Structures are given as C-alpha cells and as structure tokens.
Amino acid sequence: MTQIEAGSKEWMPSRAAEFLCRQTERLVKGRSLTPAECQRIYDFCGVRPGYLQWQKFLVPLLSLLGLLSLVAGAVFFVAWNWANMPKMAKFALAELLVVALAVLVWWRWYDGLARSALLATGLSFGALFALYGQIYQTGADSWELFRAWLFVFLPLALIARQNSLWFCTWLLASLTFQLYYATVSMSMLDSTVFDGLDYFPTTALYGYLIVQVLFLVTREVLALRAIKHNPQSWLASRWFSRVMAGFLLLMLTSIVAGNVSGWRYGNPHPFVTALWLVVLLAGYFFYRYRHPDLCMLTLGTVSLAAVGCVLIMQMFDSSYDVGGLFMLGCLMALWLAGCGALMLYWRRKLYERQPVEVSSTEMAVLTEQLRRHNLLTQTQTEEIQQFDHSSHLPWYLRLTLGIGGWVAAMIILLLLVLVLYVIGLLNDPSAATVIIPALILAFIAGGLLRVQGVSKHHIGLAWAIAATCGLCFGFYILFDPGWEMSFLVGSLCSLPVLAVMALAMPDRTFRFMAITALTFLLILSGNLLAGMYLPPVIRFWAVSALVAVIVIFWLWIIREQINLKATSWAEAVFPLLWGIPSGLILQCFSGINTALLFDFFWRPEGYFTLSLGTGAGIAAGLMLGCLYQTVVKKTASASLFLVAAVLCGAAAFYAPGIGLGMWLLLMARYQGSQGVLAASGCFLALYVIDWYYFLGVSLLHKSLLMFVTGLVLLALAFTAKKLIPAHKEDAYANR
C-alpha cells in the first residue's frame, strides 16, 4: 500500500475541480454561460459523477460502513454477556471476526477495502479485550484496557500509514491518560500515604499537556516534509493536525478560563496559563508566517475570544446592576467583533484575492483543460481569473462567525432589554414594546447586509438574528396563548416571521438559518395541529404527506440548481439546498428525543409521534421524487438514484435519520463536496449512536441488527462493484 494510494481521494473530485465548477455558476448567473454548458463542465471535471465515479464512491463507502457495523455488532454482543454461552465460545466468536478481517486485509492488500478492514481490525480488538476483562474479572482499571488496545493500534498505524488509524491511536492515548489521571486522583484521596504524593496528579497533567504539544509539533514537522516532497502523501492531509490542535486548545482554554474566573475547584494552574500563551504565540508566528493556515489561526482566535469573554465577565463579577450589565454587554460585543475582524483580516492577508486552500496551479491546469476542450472560451476563462475571491470564506470560518453572530445577537437582545427597562417600557410590557424595537433592529440589519464588505455583513448577521428573535417573541406575546398552547402558537407565529425575514435579508448565511428553522417548525406545527384535530390514521398520512412534499421540493432544487442560477431566484438556491435537509436533521433528532423535549416544554394535547410520520414522509418523498426523474425526466443515473431511494427510504421508514443520512452521503458526492461528505458522516454517526441508545430492545437484538446491517451493506458494496457499469467517460483525471 503506497503512500499515494493511502492518501488517494479518487472517489471524490479535487478541491480545485469543485471550486472551479462553483465559479462557473457565477458565469451562469451573469448570463455569459448557459446552464447546459455549465452542466457539461460539471461532468467533465467529475463533480457530477457518472457510473464510473459512482462505483468508485459507493464501493469503499458501503464497505467501510459494513465493516464498522460488524465491529459494532461484536461490541454489543460482548456487552450482552450471555451467561449460558461457554467462555471459549465467546472468545472464538470475537477472535473469528479479528481473523476474518486480517484475512481480508491480506487478500486485498492493494485494494481500498484493505484500509477499511485494517481500521475495523483495530476496533475489533477492543471488543476482544473487553471480553477478556469481562470473563476473568482481572481487577484491572479501565485505563489498562485502553493501554492494551493502544499497543495494538500503534503497529497497525505504522503499517497502514493512514490518518484514520493514527487518529484512533492518538485518541486511545488521550483516553488512556484521562482514565489514568482520574483513577490516580481518586485513589490518592483514599490513600493513607498521601503526604509527599499530592503533587503527582498536577505533574501528570502538565506532562500530558506537554506531550500533546509534542505530538502536534511532530505531526506538523512530518506534514511540512510531506507537503514539500510529496503533496499527495497521506501526511500532507491537514484535518488530523487541526483536530489535534483543537483538542489541545480546548483543554488549555478550559483550564485557563477556570484560572481567570476562579470558578474551578482546587488550586489554579499558572503553568497551564503560561503554556497557553506560549502555544498561542508560537502558533501565531508559525501559521501566520512560516506555514500559513487560516484554520489554525481561527482555532487560536476562538480560544482567545473565550478566555477574553470570561475575563470581561470576571471584571463585573461584583457589579451586576443595570449599568454593569450594560457595560458588560458592550465590552463583550466589542471584543467578539474585534476577534471576528481579526480573522477576516487574516483571511484577506493570507490569500488576498485567491480562494482558501485551493491550488492555484491545479486551477490553472484545469481551466486550460476546459478551454482546450471548448467548454470555456478565452473570454470566460479571463472572467473567471478576474473574480475577486476575497469574500470566499472556508466552512470553519463561516461556522465560527455564525456562532459568534448568535452570541452577539443574544448580547444585542440583552442590551435592548436593559434599555427598555431603564426607560420604563417593561413596567407594563405589550407586543408593541417588543415588535417596534425589533423592527428597528431589522432595518439596521438590512442596511448593514446591503453594504459591501464581509465584516459589515457579519455584523449585520448578528443584528438580523436578534431582530428575528425579537419579532418572533413579540408576535407570540400578541396572541397571548395559554400554557398548553404556547409551543404550538409560538411555532405558528415564527413561520411568517422567518419567511419574511429570509426574503428581506440579503445574506446567504442568514437565509440558510431561516430556512432550517422554517423547515423544522413547519413540520413540528403540522405535527401538533394534526395531533389536535385529526383522527390517528388521517393525521399520520397528513404529516407524512407534508414531509414528503418538502423532500420532493428539495429534490427538485437539487436537480434544477444550475438552471435556477440563471433566474432571479439564484440567491435562494444555496439556502434551500442545504437549509431544508438541516431542518430535517433537527426533526430527526427531535423525534428520538421527545422525552427530553417534554422535560422543557409542556406536552401539548394530542401530540403525535414525530419519528413515524417523519420517516414515512422521507421515504415517500425520496421514492416519488426519484421515480419522477426516472420515468418522466429520464435524467442521467436516474435508475441508480431510484434504487438508492428505495433502499434509503426503507431505512428511513424504520429510522428516519439513518435513511436521510445515507441519502445525504450520496448528495455530497453528487455535489462533489468533501465538506458536505464529512458533515453528513458526522450526522449519521451521531444519529445512529443516539438512536441505538434510546432503542428499547436488548443488547442481543442490537447486536444482531448491527450484524445484519453490516452484511447487507457489504452485499450492496459487492453488488455495486459488479452491476454498476464502469464505462470510462470524458472526465478530468484529477479526482
């Protein structure tokens, strides 16, 4: 398994291909390129997959998910601990899985399947060690189990040379120390020989933090060497280094915030504060000048912003009167605005007019390829090269600024409440008391969002969020519902506010948030109304029909997104494209956490179970939408989508989030977006964990379900490899 093979992403298009195709959409919007020509560019670059690209994507994806399901089934089976099964039989079953995976690795060593099997082999050893400790009751602490597991992962990572195994190795090392530190700290409290040893837990913590810093430094040295000599190497990938840096800064920030605030128990750790400052300063000079990395600078700025907010709160700890709260809100808002401006400044200075983390050389080569194949003219090529990409923000910076916008919006609302309190309007509050100031905030937000400048847009985003929250609350007060109807009335009042604000505010991020909330509340409101006024059978079909219509509309947006770029609705494509599935994701999570929702909100009369109607609606929407494309539109790969819709719909009917998550993985490949692929994978993993936790069956049934799921996924991978026609198409070869 060579280094290039280990780091290969041929199942996804390159970042340059994805970004260039997105730029051609700007030509469509400017009417200098037709939607049909743009579609041919997507096909040529491999962003829109043909049958060959679908095969390269589906086979490793289904194989990985299938192998992980088998390992999860083994873990559940060990946890079930069937007393009637002989000990040797239990060991035989656990070891049989390890041996089978090892044989698969040896058999398909030069295949991508071997990489997935190696990861599954390492994970399956955890079940074997857990079984050993379960049967023989050795009395060993839990950290010793993870240490033994670490010693298995380490040689596998050295052999495989892939980031996923090294990530698991690093994660196990971190968990081993966390458990060891907790065990030693607890045992010392009970020890009679405490004198002279009380320094040990603190020393161990300092040593652990220093080791984490050394891990990150070692990783970065290897990454720089790989980027210089072999950019395609697995070591050149940046996500692992960023995860390590994020974890290190999370630990340092939490300890430093405790030192600053005095809220923590025990003695402060000045050494950690000094280490935090050293890490920030060293990281700034390295990632700003030596090896520019905007993500690392963003992580450091977030850490600095969090500690700064805690320090500001500590300054006003003993003066929480109206004046103190007003000063606290103003200082925190200014501090957050300054941190956001700093991140945007670095974005402009590091990349100037260029896109972030996209190879300019590869962009030039790909553009020349398109021009030689008469897919772009010289004029169109020059127009693309003249685009100013300074407003293009990577996902992590957009996420950080979005979260900062929400925090700033809450601060703005706090300041508004304080102003209303001082002038006496809260003595006898009414709907107008809230609605009129919220409308003023909305006018300010609209003005900021219409002014040129990324920083002004994100300030306007905070004002728009604050105005929307204020308007929703104001209209809720206007109707003054009873306690049992409050949740329903609040949802219904929010729907028109969100719709109007989404149309009025010309910001893509705000519209995405508004569409997400609108989708979630629309389904929830329909669910509550159906539960109150319709008989059980009819309300099930009504809720399912509502969800199905939303899903069909989403599929239509996906199919027509390039054509819509040439219309007046071009700015609505992105918010609808990703806001609708985000709302469905929230709905799926709320469906399996209804008990938690009932702890916060009064259970409304006639409340209808979310999961069943949502799952049936997702299944019906996927199958009807793809059936229409297959029979009526006869689009490319329509038959493949129809089969996928049937399978994902069947899964959604049983577990809505699983079916939706699988479909989102397919949509990530259809869009050619690695970021959407990672986000969809995270959602699927979190939903499966949450769903299995609340699944009211025994561990044996969970184990059998995972085993069956794994076998089905592996069978689908084999079927995809054999039946999907692997005809080579005229596509760019940098995928």
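S.K.: A description of the overall build of the protein chain should follow, citing residues and the corresponding values.
M.R.: Along its length, the protein chain carries 28 helices and zero strands. For the protein chain, buried positions account for 49% of its 735 residues. Counted over contacts in the protein chain with a minimum sequence separation of 6, partners at least 24 positions apart contribute 74%. Carbon and sulfur atoms make up 70% of the accessible area of the protein chain, which totals about 35,700 Å².

S.K.: How would you sum up the environment of Gly-122? Please name residues and give values.
M.R.: With respect to the secondary-structure elements, Gly-122 resides in helix 6 (residues 112-136). Along the chain, Gly-122 and Ala-102 lie 20 residues apart, while their C-alpha atoms are 9.9 Å from each other. In contact with Gly-122, not counting residues within four places along its chain, are Trp-149, Phe-153 and Leu-156.

S.K.: An account of the confidence of the model for the protein chain is needed here, citing residue identities and associated values.
M.R.: Looking at the protein chain, pLDDT values average 83 and 89% of them are 70 or higher. Within the protein chain, the lowest mean pLDDT, 32, falls on helix 1 (residues 3-6), and the highest, 93, falls on helix 26 (residues 656-671).

S.K.: Before we move on, can you summarise the packing of helix 26 against helix 27 (residues 674-694) with the specific residues and values?
M.R.: Packing of helix 26 against helix 27 leaves a shortest axis separation of 9 Å and a crossing angle of 165°. Between helix 26 and helix 27, the interaxial angle falls into the category roughly antiparallel. The two elements helix 26 and helix 27 cross, and the hand of that crossing is left-handed. Residues Pro-656, Gly-657, Ile-658, Leu-660, Gly-661, Met-662, Leu-664, Leu-665 and Ala-668 of helix 26 pack against Val-676, Leu-677, Ser-680, Gly-681, Phe-683, Leu-684, Tyr-687, Val-688 and Trp-691 of helix 27. Of the residues in the contact of helix 26 with helix 27, the class split is 14 nonpolar, four polar and no charged.

S.K.: Which residues make up the nonpolar core, and what values go with them?
M.R.: General note: in soluble globular proteins, nonpolar side chains tend to be found buried as a group. Residues Trp-554, Leu-660, Met-662, Trp-663 and Leu-666 are the most contacted members of the largest nonpolar core, which totals 61 residues. Residue contributions to this core peak at ten residues, all from helix 26.

S.K.: Account for the pattern of salt bridges, naming residues and giving values.
M.R.: A full pass over the atoms with the stated rule returns eight salt bridges. Lys-29 is paired through a salt bridge with Glu-571; the nearest N and O atoms lie 2.1 Å apart. Linking Lys-29 in helix 2 (residues 15-29) with Glu-571 in the loop between helix 21 (536-564) and helix 22 (573-592), this pair joins segments that are 542 residues apart in sequence. With a relative accessible area of 43%, Lys-29 lands in the partly exposed category. The salt bridge involving Arg-242 is made with Asp-293; its shortest N-O contact spans 3.2 Å. Placement of the pair is Arg-242 in helix 10 (residues 239-261) and Asp-293 in the loop between helix 11 (270-290) and helix 12 (294-315), with a sequence separation of 51 residues. Accessibility assignment for this pair places Arg-242 and Asp-293 in one class, buried. Because the salt bridges share partners, they merge into one network encompassing Glu-220, Arg-238, Arg-242 and Asp-293.

S.K.: Can you tell me about the packing of aromatic side chains, naming the residues and giving the values?
M.R.: Here the structure, examined in full by the defined rule, presents 29 aromatic pairs. The interplanar angle of 40° and the centroid separation of 4.7 Å between the aromatic rings of Tyr-206 and Phe-271 together place this pair among those described as tilted. With Tyr-206 in helix 9 (residues 200-229) and Phe-271 in helix 11, this residue pair connects regions lying 65 residues apart in the sequence. Since its relative accessible area comes to 18%, Tyr-206 is described here as buried. Between the aromatic rings of Phe-641 and Tyr-670, the centroid separation amounts to 5.8 Å while the plane-to-plane angle is 80°, which identifies the pairing as edge-to-face. With Phe-641 in helix 25 (residues 638-654) and Tyr-670 in helix 26, this residue pair connects regions lying 29 residues apart in the sequence. You can call Phe-641 buried: its relative accessible area is 9%.

S.K.: I'd like to hear about helix 14 (residues 360-372), residue by residue, with values.
M.R.: With 13 residues, helix 14 should cover 18 Å at 1.5 Å per step; its first-to-last C-alpha distance of 18 Å lies within 8% of that length. Along helix 14, the positions that sit buried rather than exposed are Met-363, Leu-366, Thr-367, Gln-369 and Leu-370. For helix 14, the arc enclosing every buried residue in end-on projection is 155°, short of the 170-degree limit, so these residues lie on one face. Opposite the packed face of helix 14, turned more than 90 degrees from it, sit the exposed residues Thr-361 and Arg-372. The inward-facing, buried residues of helix 14 abut helix 2, helix 3 (35-45) and helix 15 (378-385).

S.K.: Can you explain the environment of Met-343? Please cite residues and give values.
M.R.: Relative to the assigned elements, Met-343 resides in helix 13 (residues 322-351). In this structure Met-343 comes out as buried when scored by relative accessible area, which is 5%. A sequence separation of 43 residues divides Met-343 from Gly-300, and the C-alpha atoms of the two residues are 10.0 Å apart. Excluding residues that lie within four positions of it along the chain, Met-343 makes contacts with Leu-294, Thr-298, Thr-301, Leu-397, Thr-400 and Leu-401.

S.K.: Before we move on, could you go through the side chain of Ser-237 and cite the residues and values that matter?
M.R.: Here Ser-237 shows up in the loop between helix 9 and helix 10. Accessibility expressed as a relative area gives 16% for Ser-237, which makes it buried. Apart from the residues within four sequence positions on either side, Ser-237 is in contact with Asn-163 and Arg-219.

S.K.: Would you mind going over the packing of helix 4 (residues 51-80) against helix 28 (residues 699-723) in detail, with residue names and values included?
M.R.: In a packed pair of helices, the relevant descriptors are the angle between the two axes and the axis-to-axis distance. Remark: helix 4 packs on helix 28, axes separated minimally by 7 Å, with the N-to-C direction vectors making an angle of 160°. Comparing the axis directions of helix 4 and helix 28 gives the class roughly antiparallel. Judged by the sense of rotation from one axis to the other, the crossing of helix 4 with helix 28 is left-handed. A class-by-class count of the residues in the contact of helix 4 with helix 28 yields 22 nonpolar, eight polar and two charged.

S.K.: An account of a nonpolar patch on the surface is requested, with residue identities and associated values reported.
M.R.: Residues Phe-326, Val-417, Val-419, Tyr-421, Val-422, Ile-423, Leu-425 and Leu-426 make up a contiguous nonpolar surface patch of roughly 710 Å² in combined accessible area. Residue contributions to the nonpolar patch peak at four residues, all from helix 16 (residues 395-422). You can see Val-422 is positioned in helix 16. Judged by its relative accessible area of 57%, Val-422 falls in the exposed class.

S.K.: Please give an account of helix 16 that cites residues and values.
M.R.: For helix 16, with 28 residues, the first-to-last C-alpha span of 40 Å sits near the 40 Å given by 1.5 Å per residue. The first or second residue beyond helix 16 is Gly-424, which carries a positive phi of 85°.

S.K.: Which residues make up the environment of Ala-638, and what values go with them?
M.R.: By secondary structure assignment, the location of Ala-638 is in helix 25. Residues Ala-638 and Leu-627, eleven residues apart in the sequence, show an inter-C-alpha distance of 8.2 Å. With residues up to four places along the chain from it excluded, the contact list for Ala-638 reads Gln-629 and Thr-630.

S.K.: Quick rundown of the side chain of Thr-509? Include the residues and the values.
M.R.: One can find Thr-509 in helix 20 (residues 508-533). When its relative accessible area of 17% is taken as the criterion, Thr-509 is described as buried. Sequence-distant contacts of Thr-509, that is, excluding residues within four places in its chain, are made with Arg-398 and Leu-461.

S.K.: Tell me about unusual backbone geometry, residues and numbers included.
M.R.: With a phi angle near 55°, Arg-161 is a residue other than glycine that sits in the positive phi range. The topology assignment puts Arg-161 in the loop between helix 7 (142-160) and helix 8 (163-189). Among the residues examined, Arg-161 registers a relative accessible area of 30% and is labelled partly exposed. Even without being glycine, Asn-374 reaches a positive phi, approximately 60°.

What counts, and where the lines are drawn
Residues numbered from 1 in each chain as written. Predicted model: local features only at pLDDT ≥ 70, side-chain atom pairs only at ≥ 80, totals over all residues. Heavy atoms only, no water. Helix = DSSP H or I, 4+ residues; strand = E, 2+ residues; numbered from the N terminus. Buried < 20%, exposed > 50% of the residue type's maximum accessible area, 1.4 Å probe, protein only. Contact = heavy atoms within 4.5 Å. Areas by Shrake-Rupley, 256 points an atom, 1.4 Å probe, with all protein chains shown as cover. pLDDT = per-residue confidence, 0-100. Axes fitted to C-alpha atoms, helices over the stretch in contact; angles between N-to-C directions. Parallel < 35°, antiparallel > 145°, perpendicular 65-115°, else oblique. Left-handed = near helix turned anticlockwise from the far one by under 90°. Nonpolar A, V, L, I, M, F, W, Y, C, P; charged D, E, K, R; others polar. Core = buried A, V, L, I, M, F, W, Y, C linked by side-chain atoms within 4.5 Å. Salt bridge = Lys/Arg side-chain N within 4 Å of Asp/Glu carboxyl O. Phe/Tyr/Trp six-rings, centres within 6.5 Å; stacked < 30°, edge-to-face > 60°. Expected span 1.5 Å × (residues − 1). Arc of directions from axis to C-beta. Patch = residues over 30% accessible without salt bridge, like charges linked within 9 Å, V, L, I, M, F, W, Y side chains within 5 Å.

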